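Survey of secondary and tertiary structure
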Amino acid sequence: MRIGVLGTGNMADALATHWVRAGHQVTVGGRDARKAERLAGRIGGGVQPAGLRAAAEFGQEVVLAALPFEAGADVAGDLRATLEGKVLLDCSNPVGPGFQLLTQGGPSAAQRLAAAAPGSHVVKAFNLCHENVWRMRPPVFDGRPLAVPVCGDDATALARVRELVRDVGGEPVAGGGLERAGLLEATAALFISLWVGEGADAQAIAPPLTHAAGPL
């Protein structure tokens, strides 16, 4: 695939590195040309640096929005014509001070991207883990690949993102339509508050699948 990456931060670095190793062509774009150049050089594998618009234009199959929540909708709105018909992959977490969900009572971050660029096919994924988990090769725990929920409405877009999940070593899980992206974002807010705020093992709050409906 030809993948355009909007953003030059840690998530852009972690995910793009996997995708380049999997054989995809990647261009990373940011407002700061020097940051884009440094990230492209760090990833290697023929990754090209660019501005945001050029990266969006390059991403014929997928455009990753690895942007802060506060900037995502504005950038998508500025690039709405360029994003027309493309898969726009959102990995953001709208979590603020005190682990508060910044979208509470309103549309999710992913839905805001979709409203800003209505011709794109927004998919939510990769938002439940710290960037260093995505740097693992592969993210496997106790012999199980990391499960990655994916939310979206377009079948082709979902298929492409599922492929990208597998390329990082995870196992895609159907999370439902884009209207459920807010549940993923709320889950991230809860997990972060448990992990960081309480030092709790968030994974331990769920029983095994065999007991999901109660003990047998």
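Scope of this entry: the structure provided in the associated data block. Residue numbers run consecutively from 1 along every chain, following the written order of its sequence. Local features in this predicted model are restricted to residues of pLDDT 70 or higher, and side-chain atom pairs are both shown and tallied only at a pLDDT of 80 or more, whereas totals for entire chains, interfaces and linings draw on every residue. Side-chain metrics in this entry use all non-hydrogen atoms of the structure; hydrogen atoms and water are not considered.

This part covers the nonpolar core. Take the buried residues of types Ala, Val, Leu, Ile, Met, Phe, Trp, Tyr and Cys, join any two whose side-chain atoms come within 4.5 Å, and each joined set is a nonpolar core. Note on exposure labels: buried denotes an accessible area under 20% of the residue type's maximum, exposed denotes more than 50%, and partly exposed covers the range between, all computed with a 1.4 Å probe on protein chains only. Trp 19, Leu 89, Phe 126 and Trp 134 are the most contacted members of the largest nonpolar core, which totals 35 residues. Ranked by the residues each element gives to this core, the list is headed by helix 1 (residues 10-21), at seven residues. Note on contacts: a residue pair qualifies if any of its non-hydrogen atoms lie within 4.5 Å across the two residues. Setting aside residues up to four positions removed in sequence, Trp 19 forms contacts with Ile 3, His 24, Leu 64, Leu 89, Phe 126, Leu 164, Asp 167 and Val 168. In terms of nonpolar packing, the next biggest core, distinct from the first, is built from 23 residues, Ala 55, Ala 110, Ala 116 and Cys 151 among them. The helix count covers DSSP runs of H or I at least four residues long, the strand count covers runs of E at least two residues long, and both are numbered beginning at the N terminus.

Our next topic: the packing of helix 1 against helix 2 (residues 33-43). A pair of packed helices is characterised by two quantities: the angle between their axes and the separation of those axes. A fitted line through C-alpha atoms serves as each axis, taken over the contacting stretch for helices, and the angle formed by two N-to-C directions is quoted from 0 to 180°. In contact at an axis separation of 10 Å, helix 1 and helix 2 are set at 40° when each is read in the N-to-C sense. The orientation of helix 1 relative to helix 2 falls into the category oblique. In this structure, helix 1 crosses over helix 2, and the sense of that crossing is right-handed. Each of Ala 12, Asp 13, Ala 16, Thr 17 and Val 20 in helix 1 lies in contact with helix 2, whose residues at this interface are Leu 39, Arg 42 and Ile 43. In this scheme, roughly parallel covers angles under 35 degrees and roughly antiparallel covers those over 145, while 65 to 115 is roughly perpendicular and the rest are oblique. A crossing counts as left-handed when the near helix is turned anticlockwise from the far one by less than a right angle, and as right-handed when that turn is clockwise.

What follows covers the packing of aromatic side chains. Only the six-membered ring of Trp is used, alongside the rings of Phe and Tyr, when aromatic pairs are assigned; centres must lie within 6.5 Å, and planes under 30 degrees apart are stacked while those over 60 apart are edge-to-face, with the rest tilted. Enumeration according to the criterion identifies three aromatic pairs in this entry. Summarising the aromatic geometry, the rings of Phe 126 and Trp 134 are spaced 5.1 Å apart at their centres and angled 75° between planes, so their arrangement reads as edge-to-face. Considered together, Phe 126 and Trp 134 belong to a single accessibility category, that of buried residues. Through successive ring pairs, a cluster of aromatic residues spans Trp 19, Phe 126 and Trp 134. Two thresholds decide whether a charge sits over a ring: the Lys NZ or Arg CZ must be within 6 Å of the ring centre and within 35 degrees of the ring normal. Just above the ring of Phe 58 sits the side chain of Arg 2; from NZ or CZ to the centre is 4.1 Å.

Between any two strands, at least two bridges found by DSSP are needed for them to pair. Where strand 6 (residues 121-124) and strand 9 (residues 147-152) come together, two bridges link them in antiparallel fashion. Of the residues in strand 9, the one forming a bridge with Lys 124 is Cys 151. Bridge count for strand 9 against strand 10 (residues 171-174) is four bridges, and the pairing is parallel. Bridged to Val 150 within strand 10 is Ala 174. A crossover connection joins strand 9 to the parallel strand 10 through helix 7 (residues 155-167); in handedness this β-α-β unit is right-handed. Looking down the strands as they point away from you, a crossover is right-handed if its path from the first strand over the helix to the second goes clockwise.

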